[in-house]
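Working through the structure, step by step
One-letter residues, chain by chain:
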Amino acid sequence: MTSPESRPTRTALGWQLATVRRVKLENHRAKTFTFTLPHWRPFKPGQHFDVRLTAPDGYQAQRSYSIASPPETEGEIDLTIEMLEDGEVSPFFHSEVQEGDEIELRGPIGGPFTWTVRTGGPVLLAAGGSGIVPLMSMLRHRQASGAIDINMLLLYSARSLEDVIYRQELDQMAADPNLIVRYTLTRSRPEGWTGYGRRIDQPMLEEALADLGEASLAYVCGPTPFVESVADTLVTTGMLPAQIRTERFGPTGTP
């Protein structure tokens, strides 16, 4: 579903044909696609790329996906795409796209919802479902740049442990004494689970902020109802709106 006849031109934010170098299964609903870009540009964690698919009859579908990789990985980017049964783009990626395929991309795009090690911390990250993707770019950037002295705490709300994206890598990152990773499972929990088992609420956020030592910034990403709830609750806890940065997407179920 891509059109090789109209080769994208090189402009500031022009479309380019990127090659799929690797496809990795993250969980039962998400895959990470590593793209090699002919015109790679520096980006900041939190930015995204537009993806465009073109059918043989000329019909086009376009969606935006956050970058999951750190900016230290030059020449390529990772886009983690969650499967949406009624979507126009994600089913094609999950059923058709293979290593070696060429896909039209445009980016990097985005500004307010970005973080680099120069921004500093402490930082609270709150993710709902696939909202973990841009936050993972921030976590990987922190690690790749060696700035592990910046304190971070991740609150990740998912329906079940099987729905957690990047679970193995996040568990490995949690060995860092300056990084706290906490899951809250809202639908089902494994036997013996001792973590949170509800949606992110004020007591949970207050505990996180206390353990973090008062965050200077908070980044919240996920479905719109999740983002609005967490952002409003953070204000209730005493954070200033200017300290809270949000990124939201359309409803894909409540984590």
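Just so you know, these numbers come straight off a predicted model, no measurement behind them.

Cut-off values and rules
- Residues numbered from 1 in each chain as written.
- Predicted model: local features only at pLDDT ≥ 70, side-chain atom pairs only at ≥ 80, totals over all residues.
- Heavy atoms only, no water.
- Helix = DSSP H or I, 4+ residues; strand = E, 2+ residues; numbered from the N terminus.
- Rg over C-alpha atoms; globule rule 2.2 N^0.38 Å.
- Contact = heavy atoms within 4.5 Å.
- Areas by Shrake-Rupley, 256 points an atom, 1.4 Å probe, with all protein chains shown as cover.
- Pairing = 2+ DSSP bridges.
- Axes fitted to C-alpha atoms, helices over the stretch in contact; angles between N-to-C directions.
- Phe/Tyr/Trp six-rings, centres within 6.5 Å; stacked < 30°, edge-to-face > 60°.
- Buried < 20%, exposed > 50% of the residue type's maximum accessible area, 1.4 Å probe, protein only.
- Salt bridge = Lys/Arg side-chain N within 4 Å of Asp/Glu carboxyl O.
- pLDDT = per-residue confidence, 0-100.
- Core = buried A, V, L, I, M, F, W, Y, C linked by side-chain atoms within 4.5 Å.

Concerning the overall build of the protein
For the protein, the count of helices and strands is 5 helices and 11 strands. Computed over C-alpha atoms, the radius of gyration of the protein comes to 18 Å, within 12% of the 18 Å expected from 2.2 N^0.38 for 255 residues, which places it in the range of a compact globule. C-alpha atoms of the protein, sized along the principal axes, occupy 55 × 40 × 30 Å. Considering only contacts within the protein whose residues lie at least 6 apart along the sequence, 72% involve residues at least 24 apart. If you sum the accessible surface of the protein, you get close to 11,700 Å²; carbon and sulfur atoms cover 48% of it.

Let's talk about the sheet that holds strand S9 (residues 179-185)
If you trace the 5 strands from one edge of the open sheet to the other, you get S9-S8-S7-S10-S11, paired in parallel fashion. Strand pairing shows two members of the sheet lacking a second neighbour, S9 and strand S11 (244-249), which therefore form its edges. When strand polarity is set aside, the average angle formed by the axes of neighbouring strands in this sheet is 10°. Taken together, the 7 bridges between strand S8 (residues 152-158) and S9 define a ladder with parallel strand orientation. In the strand pairing of S9, Ser-157 is matched with Thr-184.

With respect to the sheet that holds strand S6 (residues 102-109)
Strand order in the open sheet formed by 6 strands is S4-S3-S6-S1-S2-S5, with antiparallel pairing between adjacent strands. At either margin of the open sheet sits one strand with a lone partner, and together these are strand S4 (60-66) and strand S5 (76-82). Pairwise comparison of adjacent strand axes, ignoring direction, gives a mean angle of 40° for this sheet. Here strand S1 (residues 16-25) runs beside S6; their pairing, made up of 4 bridges, is antiparallel. Across the sheet, Ala-18 pairs through a bridge with Ile-103, a residue of S6.

Some points on the packing of aromatic side chains
Here the distance between the centres and the angle between the planes together describe a pair of aromatic rings. The full count for this structure, using the stated rule, is 5 aromatic pairs. Ring plane angle 70° and centroid distance 5.0 Å describe the contact between Phe-33 and Phe-93, whose orientation is recorded as edge-to-face. On the criterion of sequence distance, the pair formed by Phe-33 in strand S2 (residues 30-36) and Phe-93 in helix H1 (residues 90-95) is long-range, its members being 60 residues apart. Accessibility assignment for this pair places Phe-33 and Phe-93 in one class, buried. Ring-pair connections join several aromatic residues into one group, and the members of that group are Phe-33, Phe-92 and Phe-93.

Let's talk about the pairing of S2
Taken across its 7 residues, S2 has 6 buried, putting it largely inside the fold. Linkage of S1 to S2, two consecutive antiparallel strands, is achieved through a turn of 4 residues. Here 7 bridges tie S2 to S5, and the two strands are oriented antiparallel to one another. Paired with Phe-33 across the two strands is Leu-79, which belongs to S5.

Examining the pattern of salt bridges
Between side chains of opposite charge, pairing is possible as soon as their charged atoms come close. Overall, the coordinates contain 12 salt bridges when judged by the stated rule. Ionic pairing is found between Arg-21 and Glu-76, a salt bridge with its closest N-O pair at 2.9 Å. With Arg-21 in strand S1 and Glu-76 in strand S5, this residue pair connects regions lying 55 residues apart in the sequence. Residue Arg-21 is classed as partly exposed on the basis of its relative accessible area of 39%. When its relative accessible area of 15% is taken as the criterion, Glu-76 is described as buried. For the salt bridge of Asp-171 with Arg-167, the shortest nitrogen-to-oxygen distance reads 4.0 Å. On the criterion of helical spacing, the pair formed by Asp-171 and Arg-167 is a turn pair, its members being 4 residues apart in helix H3 (residues 167-173).

Remarks on the confidence of the model for the protein
When pLDDT is averaged across the protein, the result is 92; 93% of the residues are at 70 or more. Taken together, the stretch residues 1-11 has pLDDT below 50 and engages in 22 contacts with residues farther than four places along the chain or on a different chain.

Notes on the nonpolar core
One finds Leu-154, Tyr-156 and Leu-170 to be the most contacted residues of the largest nonpolar core, which totals 32 residues. Mapped by element, the contributors of at least two residues to this core are strand S7 (123-128), helix H2 (132-144), S8, H3, S9 and strand S10 (217-223). Those residues in contact with Leu-154 that lie beyond four places of it in its chain are Leu-125, Ala-127, Ile-132, Leu-135, Leu-139, Leu-170, Ile-180, Val-181 and Arg-182.

Here's the deal with unusual backbone geometry
The linkage connecting Gly-107 with the following residue, Pro-108, adopts the cis geometry, with an omega of 5°. Looking at the secondary structure, you find Pro-108 in strand S6. Phi at Tyr-166 takes a positive value of approximately 65°, unusual for a residue other than glycine. Looking at where Tyr-166 falls in the secondary structure, it is placed in the loop between S8 and H3.

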